[in-house]
There are 4 protein chains.
Amino acid sequence: MLPKPTPDSRSVYTVHVRFRDTDLMGIVHHAVYLEYFEAARIEYLRRRGAEYVDWTKQGIHLAVAEAHTQYRRPATFGDTLAVEATLVELTGATARFEYRLVRSAPDRELVAEGWTLLVCVGNDNRPRRIPEELAAPLCGPETHPLSPDRQ
Amino acid sequence: MLPKPTPDSRSVYTVHVRFRDTDLMGIVHHAVYLEYFEAARIEYLRRRGAEYVDWTKQGIHLAVAEAHTQYRRPATFGDTLAVEATLVELTGATARFEYRLVRSAPDRELVAEGWTLLVCVGNDNRPRRIPEELAAPLCGPETHPLSPDRQ
Amino acid sequence: MLPKPTPDSRSVYTVHVRFRDTDLMGIVHHAVYLEYFEAARIEYLRRRGAEYVDWTKQGIHLAVAEAHTQYRRPATFGDTLAVEATLVELTGATARFEYRLVRSAPDRELVAEGWTLLVCVGNDNRPRRIPEELAAPLCGPETHPLSPDRQ
Amino acid sequence: MLPKPTPDSRSVYTVHVRFRDTDLMGIVHHAVYLEYFEAARIEYLRRRGAEYVDWTKQGIHLAVAEAHTQYRRPATFGDTLAVEATLVELTGATARFEYRLVRSAPDRELVAEGWTLLVCVGNDNRPRRIPEELAAPLCGPETHPLSPDRQ
């Protein structure tokens, strides 16, 4: 039986906007949001005991097959953003995550939303089943919360 | 009367994959495709006499409001990619571009596809009408082709 | 009289390594350290009341003229790094900053060291005197410390 | 006997400045030059039959231990740059490359200069001898020149 996403399939990652993230207008470049999504997603895995780099060494990759972003309000250098990542769908070889970026301070405004479809592939880049020992924790709650200095 | 996209509303830009574009698997990171799309789009404008930086200085920005990408096949360091940018829709304040990335050599394989919705905004980040002197050439053919060393 | 650096000409900025910062080996790409240095330097200015983007709008830029980095130990995804930026020299048109990157946890190891020489330039990219209202706070202590969520 | 650099230990790589390479001032961000140097260096190896990714898979890495850059003139979006990489020193476990960036058109101006010191390390990140089958071609002439579309 394939595990299913639950109300616990959600984590929040904090990102600090760097100067290099911004563009000619002084606002975060639109490609950088995908990096924020990715950081939140890898953190999501880590807090459930799944170290992305370790999986990679075993020849298991979660490759991005499709990505979508809607930009709501500009983020600027110095902003602190909360990136909420939610696992919304899991099939044998794919996982779909949704993201919400909210400015932490001062206004809690929605900055961007998006989703990515991931496909589990091997070293040969062909789709393969997500291993059960990865799928099960993926749907559950955080089991490895971060130390305060990392949050 | 608003100008409309024509069969000439298309340009091809060549991009060379850099090592830093690649990730842990040695393939181009998915966020980088948006940079390739952007380079092709700005080149599209330039070949029609519209220098993006000049427009920015006049307080006219084409901000990305929405972006979508489908990843078909991995691109790796050393690949040369042809990025085809096509203007498919123009309204008073928005422009929609579609993109196709094809590996130039050796196989002409489709690497990725996508689109971006752009909104014309002023320095206050509020939507505003695309100036006519920008809209007209946007729909037409290339008038400023590049010198051979830039193609 | 030109102000001089003091023992207070030092600030520490916290950076969280993102996945996209890392390379094929899973360690932080060497070019990214210059982004960390920059983030720490701009934060240094901000904590002394000098908003970099505001200065840019007034046509005052601190352009990097020379940069040097020594890489001591690899940093990896998920590391929290403390970047110490120290102003060590100020002349009429130049400022020299030194940097030390230390892993916050678990080991306090030195990850990298470096320095950058900055030249004050105008919009014409020609060297010009650093304005006194920028030079004075540059040498002093932090006057605008960050809120807890930003540190 | 350790091979030594020769007058043939030099290659030129062409880089096209992307929009995302530029900063708030519309000029190439200073950290990006290290990416240009790297691209030229990996291309240097490739033209001598040494595929960097293949060496990585065998557990041989050329890690950057020290990097230095002097910025001479700004480069902007759309510039084509010629990056000259020269191997100037080879010891048992280290290699030193020097770089010169020249704008291809219209003016042949020197944009930047720099050097990097590389240390050969294994998967354990400890220094190790550069394998002879890598050292010998490193000092020689190009044996695998690129096809025209890649130059």
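Computed from a predicted model, the values in this text were never measured in an experiment.

A. Seen up close, the overall build of chain A. A tally of regular secondary structure across chain A gives 3 helices and 5 strands. Seen in sequence order, chain A has helices and strands lined up from the N terminus as β-α-α-β-β-β-β-α. Its C-alpha atoms give chain A a radius of gyration of 16 Å, near enough to 15 Å, the size a compact globule of 151 residues would have. With respect to the three principal axes, the spread of C-alpha positions in chain A is 45 × 30 × 25 Å. Buried residues in chain A amount to 60% of all 151 residues. For chain A, the share of sequence-separated contacts (at least 6 apart) that also reach a separation of at least 24 residues comes to 70%. Of the roughly 6,200 Å² of accessible surface on chain A, a fraction of 49% belongs to carbon and sulfur atoms.

B. The sheet that holds strand 1 (residues 10-16) of chain B, seen in detail. Taken together, 10 strands build an open sheet; the order of strands is 1(A)-3(A)-4(A)-5(A)-2(A)-2(B)-5(B)-4(B)-3(B)-1(B) and the sheet is antiparallel. The sheet is open, and its two borders are formed by strand 1 (10-16) of chain A together with strand 1 of chain B, each paired with just one other strand. Strand-to-strand twist of the sheet, defined as the mean angle between neighbouring strand axes without regard to direction, takes the value 25 degrees. Here 10 bridges tie strand 2 (residues 61-71) of chain A to strand 5 (residues 110-121) of chain A, and the two strands are oriented antiparallel to one another. Its bridge partner being in strand 5 of chain A, V64(A) is matched across the sheet by L118(A). Strands strand 1, strand 2, strand 3 (80-90), strand 4 (94-103) and strand 5 of chain A together with strand 2 (61-71) of chain B of the sheet are contacted by helix 1 (residues 32-46) of chain A, whose axis makes an angle of about 130 degrees with strand 2 of chain A.

C. Examining the interface of chain C and chain B more closely. Each partner contributes residues to the interface: chain C has 10 residues there, and chain B has 10 residues. Across the interface of chain C and chain B, roughly 810 Å² is buried in total on both sides, 60% from carbon and sulfur atoms. Counting across the interface, chain C meets chain B through 0 salt bridges. Of the residues assigned to the side of chain C that touches chain B, the class counts are 4 nonpolar, 3 polar and 3 charged.

D. Structural view of empty space enclosed by the protein. Inspection of the entire model under this criterion finds 16 cavities of 30 Å³ or more. Put simply, the largest cavity is a space of about 260 Å³. Looking at the largest cavity, it is lined by 19 residues, and the ones nearest its centre are E35(A), R20(B), E35(B), R20(C) and E35(C). Breaking the lining of the largest cavity down by element, the ones donating at least two residues are helix 1 of chain A, helix 1 (32-46) of chain B together with helix 1 (32-46) of chain C.

E. Molecular detail of the relation of the copies chain A and chain B. Superposition of chain A onto chain B requires a rotation of 180 degrees combined with a translation of 0.0 Å along the rotation axis, giving an RMSD of 0.0 Å. Viewed as a symmetry operation, the transformation between the two copies matches a two-fold axis. It is H68(A) whose C-alpha, among those of chain A, lies nearest the rotation axis, at 2.2 Å.

F. Here's a closer look at the environment of N125(B). Its location among the elements puts N125(B) in the loop between strand 5 (110-121) and helix 3 (132-139). With 65 residues separating them in the primary sequence, N125(B) and I60(B) have C-alpha atoms 9.5 Å apart. With near-sequence residues (within four places) excluded, N125(B) lies in contact with M25(A) and P74(A).

G. Expanded view of the pattern of salt bridges. This structure, assessed with the given rule, holds 41 salt bridges over all chains. Of the charged contacts, one joins D21(A) and R18(C) as a salt bridge, the two residues approaching to 2.8 Å between their closest N and O atoms. Of this pair, D21(A) sits in the loop between strand 1 and helix 1 while R18(C) sits in the loop between strand 1 (10-16) and helix 1, on two different chains. The partner of E51(B) in a salt bridge is R46(B), and the shortest N-O contact between them spans 3.1 Å. Residue classification places E51(B) among the partly exposed positions, given a relative accessible area of 31%. Judged by relative accessible area, R46(B) falls into the buried class, the value being 13%. Within the structure, one salt-bridge network assembled from shared partners comprises R73(A), D79(A), R103(A) and E109(A).

Definitions and cut-offs
- Residues numbered from 1 in each chain as written.
- Chains lettered and ligands numbered in written order.
- Predicted model: local features only at pLDDT ≥ 70, side-chain atom pairs only at ≥ 80, totals over all residues.
- Heavy atoms only, no water.
- Helix = DSSP H or I, 4+ residues; strand = E, 2+ residues; numbered from the N terminus.
- Rg over C-alpha atoms; globule rule 2.2 N^0.38 Å.
- Buried < 20%, exposed > 50% of the residue type's maximum accessible area, 1.4 Å probe, protein only.
- Contact = heavy atoms within 4.5 Å.
- Areas by Shrake-Rupley, 256 points an atom, 1.4 Å probe, with all protein chains shown as cover.
- Pairing = 2+ DSSP bridges.
- Axes fitted to C-alpha atoms, helices over the stretch in contact; angles between N-to-C directions.
- Buried area = accessible area lost by both parts, 1.4 Å probe.
- Salt bridge = Lys/Arg side-chain N within 4 Å of Asp/Glu carboxyl O.
- Nonpolar A, V, L, I, M, F, W, Y, C, P; charged D, E, K, R; others polar.
- 1 Å grid on protein atoms, 1.4 Å probe; cavity = no way out; pocket = protein on both sides within 12 Å on 5 of 7 lines; lining within 4 Å.
- Points joined across faces, edges and corners; volume = space filled by probe spheres on them.
- Least-squares fit on C-alpha atoms with pLDDT ≥ 70 in both.

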